[in-house]
Amino acid sequence: MSVAKSAAAHIDWTKLSTSLGLKTETVAALSAFRKRNDEARRVLSDLKEQKTTVDFAHYRKVLKNQAVIDEVEKAFQSFKPTSYDVQAQIKSIEAVEAKALERAKFTATKVESELADLEATLKNIETSRPIDELTVDDVLKSRPEIAEKVDALLAKSKWDTKGYNSKFGYVTLF
């Protein structure tokens, strides 16, 4: 248990939420959990520091009514804390934990697939020819839809490209 406590104390929560690329709802849930956990630990440490013994001898000296002190002491010694069945809460916690684990696995697979796509794109960029060495045939070979669109425009006798004149100006030969 002490290993878990020391590991929990050394978690860099800001780095955890930013480096994994978690959804905002997951980050909010993590921060809410952290806040509740810190508050529970603080309350627990405060309760552990409180004095738990009752000095009945002191009260016998101070108070005149000894019967009240005897009654309170008898009730105190016969007190047994009530035990609660927390299995329902544990089951709900396990359900939330399972859902969070499922989301984490989904996020991990998504991140891994995106990383593989980015690595493939980077490799493609690194191995491709510079743009100044490309020819029109190379572009048409890699993007055949451009050739189809140009052929369709030429078949309709449309010789100009939409938006070209507004971007580059109307060029005419005199």
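It should be emphasised that the depicted structure is a prediction, and the values quoted were computed from it without experimental measurement.

*Asks:* What exactly am I supposed to notice about the overall build of the protein here?
*Replies:* What the protein contains, in helices and strands, is 9 helices and 0 strands. For a compact globule of 174 residues, the expected C-alpha radius of gyration is about 16 Å, and the protein comes in at 36 Å, more than 25% above that figure. When the backbone C-alpha atoms are referred to their principal axes, the protein occupies close to 120 × 35 × 30 Å. When burial is assessed residue by residue, the protein has 2% of its 174 residues classed as buried. When the accessible surface of the protein is split by element, carbon and sulfur atoms take 60% of a total near 16400 Å².

*Asks:* When you look at the pattern of salt bridges in this model, what are you seeing that I'm missing?
*Replies:* As a working rule, side chains carrying opposite charge can pair if their charged atoms are close by. By the definition in use, this model includes 8 salt bridges. For Glu 73, the salt bridge goes to Arg 60, with nearest N and O atoms at 2.2 Å. Taken together, the residues span a long stretch of sequence, with Glu 73 in helix α5 (residues 66-78) and Arg 60 in helix α4 (residues 56-62) at a distance of 13 residues. Between Arg 129 and Asp 138 there is a salt bridge whose closest N-O contact spans 2.2 Å.

*Asks:* Quick question: what am I supposed to make of the UniProt feature "coiled-coil region" (unreviewed entry) in the protein here?
*Replies:* The residues that UniProt annotates with the feature "coiled-coil region" (unreviewed entry) are residues 101-128. Strand forms 0% of residues 101-128 and helix 96%; the C-alpha atoms that close the span are 40 Å apart.

*Asks:* Can you help me understand the packing of aromatic side chains in this one?
*Replies:* In this description, an aromatic ring pair is defined by two values, namely the gap between the centres and the angle between the planes. Scanning the entire structure with this criterion turns up 1 aromatic pair. Look at Phe 56 and Phe 76: their rings are 5.7 Å apart centre to centre, the planes differ by 65 degrees, and that puts the pair in the edge-to-face class. In this pair, Phe 56 sits in helix α4 while Phe 76 sits in helix α5, placing the two residues 20 residues apart along the sequence.

*Asks:* Please explain α5 as it appears in this structure.
*Replies:* The α-helix winds at 3.6 residues per turn, so residues separated by three or four positions along the chain end up facing the same way. In this model, α5 (13 residues) spans 18 Å end to end at C-alpha, consistent with the 18 Å of a helix rising 1.5 Å per residue. The residue sitting at the N-terminus of α5 and contributing the capping side-chain oxygen is Asn 65; that oxygen lies 3.3 Å from the backbone nitrogen of Ala 67.

*Asks:* I keep staring at the layout of surface pockets and nothing clicks. Help me out?
*Replies:* Taken as a whole, the largest pocket spans an internal volume of roughly 1000 Å³. Lining the largest pocket are 33 residues, and of these Thr 26, Ala 29, Leu 30, Phe 33 and Ala 100 sit closest to its centre. Of all the secondary-structure elements, those providing two or more residues to the lining of the largest pocket are α1 (2-9), α2 (13-19), α3 (24-49) and α6 (87-127). Residues that form the lining of the largest pocket fall into these classes: 19 nonpolar, 4 polar and 10 charged.

*Asks:* How should a nonpolar patch on the surface be read in this particular structure?
*Replies:* On the surface, Ile 131, Leu 134, Val 139, Ile 146, Val 150, Leu 154 and Trp 159 cluster together to form a nonpolar patch covering roughly 680 Å² of accessible area. Here the element with the most residues in the nonpolar patch is helix α8 (residues 144-155); it accounts for 3 residues. On the secondary structure map, Leu 154 appears in helix α8. Residue Leu 154 is classed as partly exposed on the basis of its relative accessible area of 38%.

*Asks:* Any chance you could explain the environment of Phe 76 here in plain terms?
*Replies:* Residue Phe 76 is classed as partly exposed on the basis of its relative accessible area, which comes to 42%. In the structure, Phe 76 is positioned 22 residues away from Val 54 in sequence and 9.0 Å away in space, judged by C-alpha atoms. Discounting residues that sit within four places of it in the chain, Phe 76 has contacts with Thr 52, Val 54 and Phe 56.

*Asks:* Which parts of the structure should I look at to understand the environment of Leu 140?
*Replies:* Residue placement: Leu 140 occurs in helix α7 (residues 136-142). Assessed through its relative accessible area of 29%, Leu 140 is described here as partly exposed. Other than its neighbours up to four places away in sequence, Leu 140 contacts Ile 146 and Ala 147.

Scoring rules and cut-offs
- Residues numbered from 1 in each chain as written.
- Predicted model: local features only at pLDDT ≥ 70, side-chain atom pairs only at ≥ 80, totals over all residues.
- Heavy atoms only, no water.
- Helix = DSSP H or I, 4+ residues; strand = E, 2+ residues; numbered from the N terminus.
- Rg over C-alpha atoms; globule rule 2.2 N^0.38 Å.
- Buried < 20%, exposed > 50% of the residue type's maximum accessible area, 1.4 Å probe, protein only.
- Areas by Shrake-Rupley, 256 points an atom, 1.4 Å probe, with all protein chains shown as cover.
- Salt bridge = Lys/Arg side-chain N within 4 Å of Asp/Glu carboxyl O.
- UniProt positions renumbered as here; feature names shortened; annotations may be inferred.
- Phe/Tyr/Trp six-rings, centres within 6.5 Å; stacked < 30°, edge-to-face > 60°.
- Expected span 1.5 Å × (residues − 1).
- Polar contact = N/O pair within 3.5 Å; in protein donor to acceptor, adjacent residues only side chain to side chain.
- 1 Å grid on protein atoms, 1.4 Å probe; cavity = no way out; pocket = protein on both sides within 12 Å on 5 of 7 lines; lining within 4 Å.
- Points joined across faces, edges and corners; volume = space filled by probe spheres on them.
- Nonpolar A, V, L, I, M, F, W, Y, C, P; charged D, E, K, R; others polar.
- Patch = residues over 30% accessible without salt bridge, like charges linked within 9 Å, V, L, I, M, F, W, Y side chains within 5 Å.
- Contact = heavy atoms within 4.5 Å.

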